Amino acid sequence: KLQFLYFIGEAEKMTRQMMQEFEEYQRARVKFVQTAAELATRPQQIVALQSAGVMALLRPLLLDNVESIQQSAALALGRLASYNDELAEQVVQQDILQQLVYSLSEQNRYYKKSAAFVLRSVAKHSPQLAQAVVDAGAVDQLVGCLEEFDPGVKEGAAWALGYIARHNGDLAQAVVDNGATHYLVLCVQEPELTLKRIAASTLSDIAKHSPELAQVVVDSGAINHLAPLITSSDAKLKRQVCQCLAQIAKHSVELAELVVEGEIFPKIFSLLKDLDDVVRKNAATCIREVAKHTPELAQLIVNAGGVGALVDYVQETTGNARLPGIMTLGYISAFSDTLALAVVVSRGITPLGHALEKETEDHLRAAAAWSLGQIGRHTPEHAKSVADCNILPKLLDAYLDKDSSDDLKLKAKRSLKSIVMKCVHLPALEPLLHHNAPQNILKYVCGQFAKILPNDIGAKREFVANRGLATLQKIKAEPGSKLSEAIQLINKCYPPEIVDYFDPSTPNTFLDKIDTYQAAS
């Protein structure tokens, strides 16, 4: 009996020792994955981890029997994959994606969040890596996660789907083909703000690629649930909502009209004064994508009071944030003289001129030049309104500046031409009448003088008094050119002796007459 008890005691002792070894092994695994996950947050440690072959060491821990180890291993892999595309490529090459996809349908919610994070970290880098995630069968499992009860799982899945869809239309189509849009719209209706934001962002990433994909988003009822969120108090949510609506509206008249039917006007105009800069820019972008399609949609914006809000927006912003406002004013003005007049009346010319003169980026200045041309090209009254704000010399400066981009020069030239050809207010054209000005601009300026001076005595007197006729004689036009013809027509409006007096190439005999003149005694 004593011997039996001895053997029992020894067995229990050996069991305790063995369990201690297992526990120590488990503690070591826990410490390893936690340390790896922590070091993966430090960029300076990434190279060392990569050199140590951390990927291969973490991979088997994804199948560990301890759930916390699985989750920490997935978290570490996600952080490493997020760092650069080389590490993300290693995740693909070591067949880690297949393990993660398999586990998405089997594991608990905490592991699903970590697995979705890894998939997102891989997919974000390039279309090729995102395609690898799709090829691993991840999209179907991620869409399944959108049905989970836990909001965190839904967020992780929606975010990963967005990173897949954003690259190109084919990847977005893969997301759509697995029925994601229906569940994403349901996520927009959830009470959690973070989930709403991510779902709206993912819908935007799908809709941006083509009219067909945008139509799928619309058919899922997205507009009806997104449009009311414009009045949300959460700035990040408003950013995503405005961006998604813009991505839908940009493709076609029909889609833009559906966005308008969501009753975004005039509510969205208040966002142009939002405290958040991104909200303001995205709201202006959404308005632009609606305005550009038809005169009716532009008129709708004008009738809702949008022009004044847009003018204030252009006046109050600088840099790239200004661009959608500048372009919207141009789109509205382009459709008709009535709509252009609405921009003039709302004092939209001055901030556009400021953007043309003061902005440092040429694409912004080009947009401002284009918009000013759309305002001034309709009638003489429109052209005078633009000229009265001293816009023509600014356009000429932009065209002549050797540092200006080709696009800026082209748009400045076209706007100058369209405004000058409508302008009959000659004092506004006189600053452009300079003998060093380019002849392809002067031919339009002189052409306007040639049309008006023959029938306007007062204008003829002013043209001489303001030294316009003198400047005209200094211009060296090619014989037979339109500029030469215009100069000849102008000169014919005056007696030859006056033209000769101002012509530097003709010997001036007036002083000789003074020398030979004898006063009557």
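The coordinates are above.
Remember, predicted model here, so these are calculated numbers, not experimental data.

Time to look at the nonpolar core. Generally speaking, soluble globular proteins have nonpolar side chains that are buried together. If you look at the biggest cluster of nonpolar residues, it comprises 180 residues, and the most contacted ones within it are Val-122, Leu-142, Ile-268 and Ile-332. Residues within four places of Val-122 in sequence aside, it is in contact with Ala-81, Ala-88, Val-91, Val-92, Leu-97, Leu-129 and Val-133.

With that settled, the discussion passes to helix α14 (residues 211-219). Looking at α14, one finds that the buried residues are Leu-213, Ala-214, Val-217 and Val-218. Buried residues of α14 fall within an arc of 145° about the axis and therefore sit on the same side. Set apart from the buried face of α14 by more than 90 degrees, the exposed residues are Glu-212 and Asp-219. Against α11 (169-177), α12 (180-188), α13 (193-207), α15 (222-226), α16 (235-249) and α17 (253-261) lie the buried residues of α14. Two residues or fewer past α14, Gly-221 is found with a positive phi of approximately 85°.

What follows is about the side chain of Thr-181. Topologically, Thr-181 is positioned in helix α12. A relative accessible area of 6% means that Thr-181 is categorised as buried. In this structure Thr-181 touches Val-176, Leu-203, Ile-206, Val-216, Val-217 and Ser-220, once residues within four positions along its chain are discounted.

What follows covers the state of the cysteines. By the definition in use, this model includes zero disulfides. Counting only cysteine sulfurs, Cys-286 is the nearest neighbor of Cys-242, a cysteine outside any disulfide, at a range of 5.9 Å. Classification of Cys-242 as buried rests on a relative accessible area of 0%. The closest cysteine sulfur to the non-disulfide-bonded Cys-423 is located on Cys-389, 12 Å from its own sulfur. Take Cys-423: its relative accessible area is 0%, and that puts it in the buried class.

Moving on, we come to the pattern of salt bridges. Inspection of every chain in the model, using the stated rule, returns 22 salt bridges. For Lys-273, the salt bridge is made with Asp-312, and the minimal N-O distance between the two is 3.8 Å. Taken as a pair, Lys-273 in the loop between α17 and α18 (277-291) and Asp-312 in helix α20 (residues 306-316) lie far apart in primary sequence, 39 residues in all. Residue Lys-292 pairs with Glu-289 through a salt bridge whose shortest N-O separation is 2.7 Å. The class of Lys-292 is partly exposed, set by a relative accessible area of 27%. The exposure class of Glu-289 is buried, given its relative accessible area of 7%. If you follow the salt bridges from partner to partner, you end up with Lys-273, Asp-277, Arg-280, Asp-312 and Glu-316 in one network.

Relative to the helices and strands, Ser-232 resides in the loop between α15 and α16. At 3.0 Å, the side chain of Ser-232 forms a polar contact with the backbone nitrogen of Asp-234.

Another point: the environment of Glu-106. Locating Glu-106 in the fold gives a position in the loop between α6 (96-104) and α7 (109-123). Look at Glu-106 and you get exposed, because its relative accessible area is 52%. Considered as a pair, Glu-106 and Ser-68 are 38 residues apart in the sequence and their alpha carbons are 15 Å apart.

This part is about the packing of aromatic side chains. Scanning the entire structure with this criterion turns up four aromatic pairs. The interplanar angle of 70° and the centroid separation of 5.4 Å between the aromatic rings of Tyr-331 and Trp-370 together place this pair among those described as edge-to-face. With a gap of 39 residues between them, Tyr-331 in helix α21 (residues 323-335) and Trp-370 in helix α24 (residues 362-376) connect regions that are remote in the sequence. For Trp-370, a relative accessible area of 24% gives the class partly exposed. Here the guanidinium or amino end of Arg-120 rests over the ring plane of Trp-159, the centre of that ring lying 3.7 Å away. Lying across the ring of Tyr-163, Arg-166 places its NZ or CZ 4.2 Å from the centre.

On the surface, a cluster of negative charge is made up of Glu-254, Glu-257, Glu-261 and Glu-296. The biggest single contributor to the negative patch is α17, with three residues. Mapped onto the secondary structure, Glu-296 falls in helix α19 (residues 295-303).

This part covers the packing of α6 against α7. α7 packs onto α6 with a crossing angle of 145° between their chain directions and a minimal axis gap of 10 Å. Here α6 runs over α7; the crossing is left-handed. Contact residues: α6 offers Leu-97, Leu-100, Ser-103 and Leu-104, while α7 offers Tyr-111, Lys-112, Ala-115, Val-118, Leu-119 and Val-122. Class assignment for the residues of the contact of α6 with α7 results in eight nonpolar, one polar and one charged.

Cis rather than trans, the peptide bond between Phe-265 and Pro-266 has omega equal to 0°. Considering the arrangement of structural elements, one finds Pro-266 in the loop between α17 and α18. Positive phi is not limited to glycine here, since Asp-95 has a value of about 60°. In this fold, Asp-95 is placed in the loop between α5 (85-93) and α6. Accessibility expressed as a relative area gives 41% for Asp-95, which makes it partly exposed. The backbone phi angle of Asn-390 is positive, close to 60°, even though this residue is not glycine. Along the polypeptide, Asn-390 turns up in the loop between α25 (380-388) and α26 (391-400).

Secondary-structure assignment places Leu-62 in the loop between α3 (54-58) and α4 (67-83). Spatially, the C-alpha atoms of Leu-62 and Gln-173 are 30 Å apart, while their sequence positions differ by 111 residues. When sequence neighbours within four positions are dropped, the list of residues in contact with Leu-62 reads Gln-70, Ala-73, Ala-74, Leu-77, Ile-96, Gln-99, Leu-100 and Tyr-111.

Reading the values: the criteria
- Residues numbered from 1 in each chain as written.
- Predicted model: local features only at pLDDT ≥ 70, side-chain atom pairs only at ≥ 80, totals over all residues.
- Heavy atoms only, no water.
- Core = buried A, V, L, I, M, F, W, Y, C linked by side-chain atoms within 4.5 Å.
- Buried < 20%, exposed > 50% of the residue type's maximum accessible area, 1.4 Å probe, protein only.
- Contact = heavy atoms within 4.5 Å.
- Helix = DSSP H or I, 4+ residues; strand = E, 2+ residues; numbered from the N terminus.
- Arc of directions from axis to C-beta.
- Disulfide = S-S within 2.5 Å.
- Salt bridge = Lys/Arg side-chain N within 4 Å of Asp/Glu carboxyl O.
- Polar contact = N/O pair within 3.5 Å; in protein donor to acceptor, adjacent residues only side chain to side chain.
- Phe/Tyr/Trp six-rings, centres within 6.5 Å; stacked < 30°, edge-to-face > 60°.
- Lys NZ or Arg CZ within 6 Å of the ring centre and 35° of its normal.
- Patch = residues over 30% accessible without salt bridge, like charges linked within 9 Å, V, L, I, M, F, W, Y side chains within 5 Å.
- Areas by Shrake-Rupley, 256 points an atom, 1.4 Å probe, with all protein chains shown as cover.
- Lys, Arg positive; Asp, Glu negative; His and termini not counted.
- Charge placed at Lys NZ, Arg CZ, Asp CG, Glu CD.
- Axes fitted to C-alpha atoms, helices over the stretch in contact; angles between N-to-C directions.
- Left-handed = near helix turned anticlockwise from the far one by under 90°.
- Nonpolar A, V, L, I, M, F, W, Y, C, P; charged D, E, K, R; others polar.

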